[in-house]
Amino acid sequence: MKQALAIATLSALPFAALAQSEGEFTLPELPYAADALEPVIDAETMELHHGRHHQSYVDNLNEAIGDGEAPENLSLDELVAAAGTFTDKVRNNAGGHWNHSFFWETMAAPDETGEMSAELAEAIDTVFGSEDEFKAAFEEAGADRFGSGWVWLIVNDQDQLQITTTPNQDNPLMDVAETAGTPLLGNDVWEHAYYLNYNNRRADYLDAWWDVVNWDIVSERYAAALAD
Ligand code: MN3
């Protein structure tokens, strides 16, 4: 039941159509030029992160499915929702493919980030006190995630906003997630996401990242999550 619910929730997301085509998952194109997020994220980091790291999740997922580690007919959403029932290779690479696809869509050039909807702004004020307090709590959670992983703003099963983190390439839609929910935004705190610009200064990266968060998309996701 929980699994079916997670699949239904995710299907509202814009890239839910990222199913296998001709039996293979493929790397989605970036929704902007590689240098569009400068100076927050430099072009070289974007090219490595998308063209090498994300590509390797796609390739390894295809390889694992080819080796019979998961059924060939499942969508990415379905693989993620049932991640705990598959091998670690499927879990990590399906998660990596889902998370990075979501991550690219979560960002926009600094002058094209739009605005938070009134509904989302009000919910953030209610839960966190203010937008600034929300951002500080999100940055703290991201800084506290030991090693590699992701920090998320989700709508939980009470329809409430909540900040959560996941290790490695897990996400809140997985059956193995400690805190389940529908992601509205997520930031990648793996060093490969920021090391060229920020070295080991993850806190500086988390602080700068707000300049490229696409609030139009995040607000659309919030409305869709509440409508489910
Ligand atoms: Mn990454």
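Our subject is the structure that appears above.
About the criteria used
Residues numbered from 1 in each chain as written. Predicted model: local features only at pLDDT ≥ 70, side-chain atom pairs only at ≥ 80, totals over all residues. Heavy atoms only, no water. Donors = N, O, S within 2.8 Å, 3.2 Å for Na, K, Ca; no water. Helix = DSSP H or I, 4+ residues; strand = E, 2+ residues; numbered from the N terminus. Buried < 20%, exposed > 50% of the residue type's maximum accessible area, 1.4 Å probe, protein only. Pairing = 2+ DSSP bridges. Axes fitted to C-alpha atoms, helices over the stretch in contact; angles between N-to-C directions. Contact = heavy atoms within 4.5 Å.

A.B. asks: Would you mind showing me how to read the coordination of the manganese ion here?
C.D. replies: Tetrahedral coordination by four donors places them ideally at 109.5 degrees to one another around the metal; octahedral coordination by six donors ideally gives 90 or 180 degrees. Coordination of the manganese ion by the protein involves His49 (NE2), His100 (NE2), Asp188 (OD) and His192 (NE2), with metal-donor separations of 2.0 to 2.1 Å. For the manganese ion, the donor residues sit on a single chain with the sequence spacing H-x50-H-x87-D-x3-H. You can see His49 sitting in helix α2 (residues 43-66) and its partner Asp188 sitting in strand β3 (residues 182-188), a full 139 residues away along the chain. Side by side, His49 and Asp188 carry an identical accessibility label, which is buried.

A.B. asks: Looking at this structure, I do not really get the sheet that holds strand β2 (residues 161-167). What am I missing?
C.D. replies: By way of backbone hydrogen bonds, the strands of a sheet pair with one another, either parallel or antiparallel. The strand order β2-β1-β3 describes an open sheet built from three strands, whose pairing is antiparallel. The sheet terminates laterally at β2 and β3, the two strands that pair on one side only. The average angle at which neighbouring strand axes cross in this sheet is 25°, direction not considered. Sheet analysis places strand β1 (residues 149-155) next to β3, joined by six bridges and oriented antiparallel. Within β3, the position partnered with Trp152 by the bridge is Gly186. Its contacts with the sheet put helix α4 (residues 88-106) on β1 and β3, and the angle it makes with β3 is roughly 90°.

A.B. asks: Got a minute to help me understand unusual backbone geometry in this structure?
C.D. replies: It is generally the case that most residues other than glycine have a negative phi and that most peptide bonds are trans. Look at the link from Glu38 to Pro39: it is a cis peptide, with omega at 5°. Tracing the backbone shows Pro39 in the loop between α1 (2-10) and α2. One non-glycine residue with positive phi stands out, namely Asp159, at about 65°. For Asp159, a relative accessible area of 42% puts it in the partly exposed group. For Asn168, which is not glycine, the phi dihedral falls at a positive 55°. The topology assignment puts Asn168 in the loop between β2 and β3. What makes Asn168 partly exposed here is its relative accessible area of 41%.

From the geometry alone we can't say anything about function, so treat these as descriptive.
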